[in-house]
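Structural characterization, general
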Amino acid sequence: MSWLKDVLESGAFAVTGEVGPPKSPNIQPVLKKVNQVCRHVDAVNFTDNQTAIVRMSSLAGCLLAKEAGADPVMQMVCRDRNRIALQSDLLGACALGVENVLCLSGDHQSMGNHPQSKNVFDVDSIQLLEIFKNMRDRSAFQNGEEIKSPVKVFLGAGESPYADPVAFRAMRLAKKVAAGAQFIQTQAIFDIERFEQWMFEVRGLGLHKKVFILGGVIPVKSARALRYMQEEVPGLVIPENLIHRLEKADDAKAEGVNICVETIERLKEIEGVAGVHIMAIAWESIIPEIVERAGLFPRPAKGAEHNHEDPKRT
Amino acid sequence: MIVGERKPIREILELLGDNTTVLVVGCGSCVTVCLSGGEREARELASILRIRGQSAREVTVERQCEKEFLLPLEKEIEPVQAVVSLACGIGVQAMSEMFSSHRVFPGLNTTFMGMPVEQGLWEEYCSGCGECVVHKYGGVCPVTRCAKSLFNGPCGGSQAGLCEVKPDRDCAWQLIYDRLKSQNRVEELLQVQPPKDWSFSRSGGHRKMSREDMLL
Ligand code: SF4
Ligand code: SF4
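Residues numbered from 1 in each chain as written. Chains lettered and ligands numbered in written order. Predicted model: local features only at pLDDT ≥ 70, side-chain atom pairs only at ≥ 80, totals over all residues. Heavy atoms only, no water.

**Quick notes on the site of ligand 1**
Taken together, Tyr125, Cys126, Ser127, Gly128, Cys129, Cys132, Val133, Val134, Cys141 and Thr144 of chain B form the complete shell of residues around ligand 1. Of the residues belonging to the shell around ligand 1, the class tally is 7 nonpolar, 3 polar and no charged. (Near = heavy atom within 4 Å. Nonpolar A, V, L, I, M, F, W, Y, C, P; charged D, E, K, R; others polar.)

**Thoughts on the pattern of salt bridges**
If you walk through the whole model with that rule in mind, you get 29 salt bridges over all chains. A salt bridge links Arg81 of chain A to Asp89 of chain A; the shortest N-O distance between them is 2.6 Å. Of the residues examined, Arg81 of chain A reaches a relative accessible area of 16% and is grouped as buried. Salt-bridge contacts for Glu41 of chain B lead to Arg40 of chain B; the nearest nitrogen and oxygen are separated by 3.4 Å. Accessibility expressed as a relative area gives 7% for Glu41 of chain B, which makes it buried. A relative accessible area of 48% means that Arg40 of chain B is categorised as partly exposed. Because the salt bridges share partners, they merge into one network encompassing Asp48, Arg81 and Asp89 of chain A. (Salt bridge = Lys/Arg side-chain N within 4 Å of Asp/Glu carboxyl O. Buried < 20%, exposed > 50% of the residue type's maximum accessible area, 1.4 Å probe, protein only.)

**Description of the confidence of the model for chain A**
Detailed conclusions should not be drawn from predicted coordinates in areas where pLDDT is low. Considering every residue of chain A, the mean pLDDT works out to 95; 97% of them sit at 70 or more. Note on residues 309-314 of chain A: pLDDT under 50 across the span, and 11 contacts to partners over four residues away in sequence or across chains. (pLDDT = per-residue confidence, 0-100. Contact = heavy atoms within 4.5 Å.)

**A closer look at the side chain of Asp164 of chain A**
Within the fold, Asp164 of chain A resides in the loop between strand 5 (154-159) and helix 6 (166-179). Of the buried charged residues, Asp164 of chain A lacks a salt bridge, with Arg194 of chain A as the closest side chain of opposite charge at 5.1 Å. Reaching out from Asp164 of chain A, the side chain makes a polar contact with the backbone nitrogen of Ala160 of chain B at a distance of 2.5 Å. For Asp164 of chain A, the residues in contact, after removing those within four places along its chain, are Arg169 of chain A together with Pro154, Ser158, Gln159, Ala160, Gly161 and Gln174 of chain B. (Helix = DSSP H or I, 4+ residues; strand = E, 2+ residues; numbered from the N terminus. Lys, Arg positive; Asp, Glu negative; His and termini not counted. Polar contact = N/O pair within 3.5 Å; in protein donor to acceptor, adjacent residues only side chain to side chain.)

**Here's the deal with the packing of helix 6 of chain A against helix 7 (residues 192-204) of chain A**
Helix-helix packing is characterised by the crossing angle of the two axes and by the distance between the axes. Residue and element names in this part refer to chain A. At a closest axis distance of 9 Å, the pairing of helix 6 and helix 7 adopts a crossing angle of 50°. In terms of orientation, helix 6 and helix 7 fall into the oblique class. The crossing of helix 6 and helix 7 is right-handed. Contacts between helix 6 and helix 7 involve Val166, Arg169, Ala170 and Leu173 from the first element and Arg194, Trp198, Glu201 and Val202 from the second. For the contact of helix 6 with helix 7, the per-class residue count stands at 5 nonpolar, no polar and 3 charged. (Axes fitted to C-alpha atoms, helices over the stretch in contact; angles between N-to-C directions. Parallel < 35°, antiparallel > 145°, perpendicular 65-115°, else oblique. Left-handed = near helix turned anticlockwise from the far one by under 90°.)

And the structure:
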């Protein structure tokens, strides 16, 4: 049973974190990161070859996290797998007790470290949501064939409130909800006013009552990192004044954490925001501090049925 | 039209290797229009090859992709060691089939089906998916013009109307949205489009078409 779902349904402000699996089969970095964050988040996302760079598979990371007592979220992108493989991997995840799945289109391979590869994009993220929803609710594969045992999955999707055409963004969320999204983890929020505007549109469509929206945040360590994101990362809007704040700060790292905590404080006040998703890329160790300072610690305690802790691994 | 781009001279010379008597064959259709493999380009290539010491001649046929246009070439091909076709990949294969005792080298990289969008600028518009759906998208093909072939809306990286993958290209979804908005049809985009049936595309295997009424 998905612990993330329980937390969200209880009405608590949920906290999720993100772990990028290593570019090797070494399980130590995975366990280290999971141990760093697992008491401070309700669930941990495992990226799926993010930015099209080959890494340990998300499912493997999820299983390791589960054995270490965390509730994993398996990210799945449409870039590398067709509907046969995607459905197969959902069955596999389900068999292994990984029940949160985040459906994404995926970064184009030209941005990654194998730009010569061929992409798939057999289905898009919205079609994937619908396929998985039907596997769960109708016990049917995409082709209509019956699935003989129940598929359990808590379905999530990404959303980028800042990408263009802006007027289409809330509508796109509506499509994701119609297709089966139960929770949303958004792109990183730096421009909180524009995020508030998007949430206003989202509430106008009544979507905040149909889907749990977790606002994404990224703690940054320097003005340079933020400038890089402003210039290079598609779908982000980064106000100049934040870059100035980091430039002026004596301790830019601490200021980056301050900005992150302030953003979470604002998110907590926005009607319809059900939680926060902290993407501390290569800085997972900062998550506990952020969660504590944002007043989100301790996290809700898991009941016995959610405790999968495996002493051999931890 | 089919758009192609001539291979670099160096590559063509490498392909030719020791073959020194060469016939360059241009095509009078698509590749003439996109200025890459017509009469003019065939003449140009042949003279470059001659400067490089090859004994090269050129000829251009109306359409290399139809064998009846190739029949008259028989005499000219007979004496040469190699042929360079400046047609699209279909023309190269037709020539190879027709003159199977000869080596036929592609002088062109066939790139896409598209059209000129400005003087000197061509853009891909169709991937021949076998089941056209552009009417649902304001006449903009999401299969081809969206880098991720998304059917249900833009990805999270579309910015200022440009594609995140290649920022000098339009985001197909911005075009789709704008077109439908101008037609007051935006709400049609709210419909979740089910997965596409790719069995009509190249994914279904090599394709063939027959017309009962036209068969002899
Ligand atoms: S939908 Fe298919 S046939 Fe129509 S333009 Fe696009 S690729 Fe070509
Ligand atoms: S930016 Fe637009 S065209 Fe490019 S991949 Fe995203 S949706 Fe497709």
